[in-house]
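Coordinate inspection notes
For reference, the chains in residue letters:
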Amino acid sequence: MSKIIVQDLTMQFDQFVAVNKVSFEVQQGEFVTLLGPSGCGKTTLLKMISGFLTPTQGRIHIGGKDVTRTPPEDRDTALCFQSYALFPHMTVRGNLEFGLRQQRTPAGDRKARVSQIAVQLSLEQQLGKLPNALSGGQQQRVALGRALSMQPGVILFDEPLSNLDAKLRDQVRFEIKRIQHENALTAVYVTHDQSEALALSDRVIVMRDGQIEQIATPEDLYHTPATSFVADFIGNANVMPAEVIGEADGGGWILDSKIGQLISRDPRDPQAKKINIAWRPELAHVTPEGPLSGTVVSRAFQGNFTDLHVVTQGQSYRLQVPHSDVSVGDEVAFGLDAKDVLMLEPSR
Ligand code: ATP
């Protein structure tokens with residue numbers, strides 16, 4: 001049975017519908033991320049799951065109980081968010097113990113639990129310090145530890161890494177994943193950072209304008225995005241209009257686009273004559289045989305690949321090539337495997 005069930009959840013602020021009839025389930029021990037651009041409704045959805053907002057419509061079940069109108073403290077959830085919200089006058093130990101004191105956990109058990117968490121999060125040396133004597137990464141670990149100390153059935157994260165610099169973000173990201181995995185925690189994580197979502201999640205829920213655009217594993221989201229929006233948002237696929245002009249020999253479809261004629265062997269049938277195609281910049285093979293070509297208008301060396309912006313017939317797109325001996329102004333010829341050309345719905 002699912003740990004969290006969200007059914008037809010809607011949140012309306014006056015005339016504005018921030019979350020619109022959203023439904024999904026999260027399994028016990030699963031890490032699910034709500035991903036989408038700023039304003040798509042992720043935080044509003046998380047606040048309804050945590051109990052800080054009461055939905056206009058719909059139901060939420062956690063651990064088999066209908067908690068739609070249950071206050072946050074009675075929900076078996078813990079929240080970990082970006083502004084760590086540590087108590088500045090309490091030591092790290094005091095912060096980690098806080099929830100356990102509230103729950104009237106006996107002193108011996110409290111001590112044991114805090115020691116265990118301090119070891120898990122490498123905070124043993126910091127227990128006597130005040131939060132302002134800690135680095136951002138350490139503060140974030142204390143915030144995570146405080147949420148974990150309560151041994152919640154569900155842990156909810158709202159952009160917990162957004163105050164950290166890139167290197168630290170990477171490091172804490174791995175720690176969150178390790179701890180979630182080791183403790184078989186059920187987690188719902190909000191972010192607008194697609195690489196964070198892909199790295200952490202068992203499944204990702206992509207949101208747009210208060211609605212779910214796609215729910216899938218990171219691999220499926222990347223390789224078979226359901227919509228042009230998802231293709232563009234995850235991994236910056238090249239998305240461009242095309243017209244279906246016929247069936248290809250041996251299966252698949254012949255497509256006409258500004259960059260030339262292409263064959264798609266996307267197993268999904270085209271939904272209309274005029275569609276969008278999407279293809280990943282790193283899947284183009286640069287070869288003198290083409291058959292496609294374009295003019296390089298900018299290049300950026302990225303270490304293990306070079307990012308090229310290319311234009312053909314006014315259509316601009318990206319190619320990622322393994323070598324860097326291409327200059328701005330060069331004509332570059334490339335091909336695409338038919339299996340890598342995805343057929344999606346036309347833009348809304
Ligand atoms: P971000 O990544 O920027 O935090 P988000 O996807 O988490 O964005 P929400 O914070 O859920 O987005 O907000 C969704 C929409 O609902 C926004 O347009 C926001 O302005 C609106 N909204 C959120 N809270 C309220 C409120 N209390 N009253 C009115 N409108 C609100």
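Reading the values: rules and limits
One numbering rule holds for all chains: residues counted from 1, following each sequence as written. In view of the model being predicted, local features appear only for residues whose pLDDT reaches at least 70, and side-chain atom pairs are presented and counted only at 80 or more, with totals across whole chains, interfaces and linings using the full set of residues. Hydrogens are left out, water is left out, and the side-chain values use all remaining heavy atoms of the structure. UniProt positions are given in the numbering used here, feature names are shortened, and annotations may be inferred rather than shown by experiment. Numbered from the N terminus, helices here are DSSP runs of H or I no shorter than four residues, and strands are runs of E no shorter than two. Only protein chains enter the accessibility calculation, which uses a 1.4 Å probe; a residue whose area is less than 20% of its type maximum is buried, one above 50% is exposed, and one in between is partly exposed. We call two residues in contact when some of their heavy atoms are within 4.5 Å. Here the open area of atoms and residues is found with the Shrake-Rupley method and a 1.4 Å probe, where only the protein chains shown may cover a residue. By the counting scheme adopted, Arg and Lys are positive, Glu and Asp are negative, and His together with the chain ends is not counted. Here the site of a charge means atom NZ of a Lys, CZ of an Arg, CG of an Asp or CD of a Glu. Buried residues of nine kinds, namely Ala, Val, Leu, Ile, Met, Phe, Trp, Tyr and Cys, make up a nonpolar core once their side-chain atoms join them within 4.5 Å. Throughout this document, a residue counts as near a molecule or strand when at least one of its heavy atoms sits within 4 Å of that molecule or strand. Between N or O atoms, a polar contact is any pair within 3.5 Å; within protein, one atom must be a potential hydrogen donor and the other a potential acceptor, and residues adjacent in sequence are included only when both atoms are from side chains. Between the rings of Phe, Tyr and Trp (Trp by its six-membered ring), a pair exists once the centres lie within 6.5 Å; its type follows the angle of the planes, with under 30 degrees stacked, over 60 edge-to-face, and the other angles tilted. Working rule: Lys NZ or Arg CZ, within 6 Å of ring centre, within 35 degrees of ring normal, means a charge sits over the ring. The term salt bridge refers to a pairing of a side-chain nitrogen on Lys or Arg with a carboxyl oxygen on Asp or Glu at a separation within 4 Å. Residue count minus one, scaled by 1.5 Å, sets the expected span of a helix. Directions are taken from the helix axis to each C-beta atom, and the arc is the one they span.

Under an unreviewed UniProt entry, the protein has the name Spermidine/putrescine import ATP-binding protein PotA and belongs to Pacificibacter marinus. Quoted verbatim from the Sequence similarities (unreviewed entry) field of UniProt, the annotation for the protein is "Belongs to the ABC transporter superfamily."

Moving on: the overall build of the protein. Within the protein one finds eight helices and 20 strands. Seen through its C-alpha atoms, the protein measures out along the principal axes to roughly 75 × 45 × 35 Å. Out of the 348 residues in the protein, the part that is buried amounts to 51%. By sequence separation, contacts in the protein at least 24 residues apart represent 65% of the contacts at least 6 residues apart. Surface accessibility of the protein: about 16,500 Å² in total, with carbon and sulfur atoms responsible for 49%. The distance from the centre of the 34 positive side-chain charges to the centre of the 40 negative ones in the protein is 10 Å.

Formed by 30 residues in total, the largest nonpolar core has its most connected members in L144, L148, I155, F157 and I176. Among the secondary structure elements, those contributing two or more residues to this core are β6 (77–81), α2 (92–102), α3 (107–120), α4 (136–149), β7 (154–158), α5 (166–182) and β8 (186–191). At five residues, the largest contribution of residues to this core is made by α4. Residues contacting L144, with those up to four places away along its chain left out, are C80, L121, I155, F157 and I176.

Let us now look at the site of the ligand. In the region of the ligand, the neighbouring residues are F13, F16, A18, P37, S38, G39, C40, G41, K42, T43, T44 and E159. Backbone polar atom of C40 to an oxygen atom of the ligand: 3.0 Å apart, as the coordinates give it. Within the contact set of the ligand, an oxygen atom lies 2.9 Å away from a side-chain nitrogen or oxygen of K42. In isolation the ligand exposes 630 Å². Once the protein is present, 58% of that is buried. Sorting the residues of the shell around the ligand by element identifies β2 (16–26) and α1 (42–50) as the ones contributing at least two each.

Looking now at the packing of aromatic side chains. Counted by the stated rule, this structure contains eight aromatic pairs. Geometrically, the ring pair formed by F87 and F98 is tilted, given 4.5 Å between the ring centres and 50 degrees between the ring planes. Residue F87 is located in the loop between β6 and α2, and its partner F98 is located in helix α2; the two are separated by 11 residues in the primary sequence. Geometry around Y222 places R280 over its ring, the cationic atom sitting 3.9 Å from the centre.

Our next topic: the pattern of salt bridges. Scanning all chains against the criterion turns up 14 salt bridges. The partner of D66 in a salt bridge is R59, and the shortest N-O contact between them spans 2.6 Å. Take D66: its relative accessible area is 34%, and that puts it in the partly exposed class. In this structure, the salt-bridge partner of E213 is R208, at a minimum N-O distance of 3.5 Å.

Let us look at α3. Taking 1.5 Å of rise per residue, 14 residues should cover 20 Å, and α3 covers 20 Å from first to last C-alpha, within 8% of that figure. Within the span of α3, buried status applies to R110, R113, V114, I117, A118 and Q120. Along α3, the residues classed as buried sweep out an arc of 160 degrees about the axis, all on the same side. Facing away from the buried side of α3 by more than 90 degrees, the exposed set consists of G108, K111 and V119. Elements in contact with the buried residues of α3: α2, α4 and α5. One or two residues past the end of α3 sits S122, with phi positive at roughly 50 degrees.

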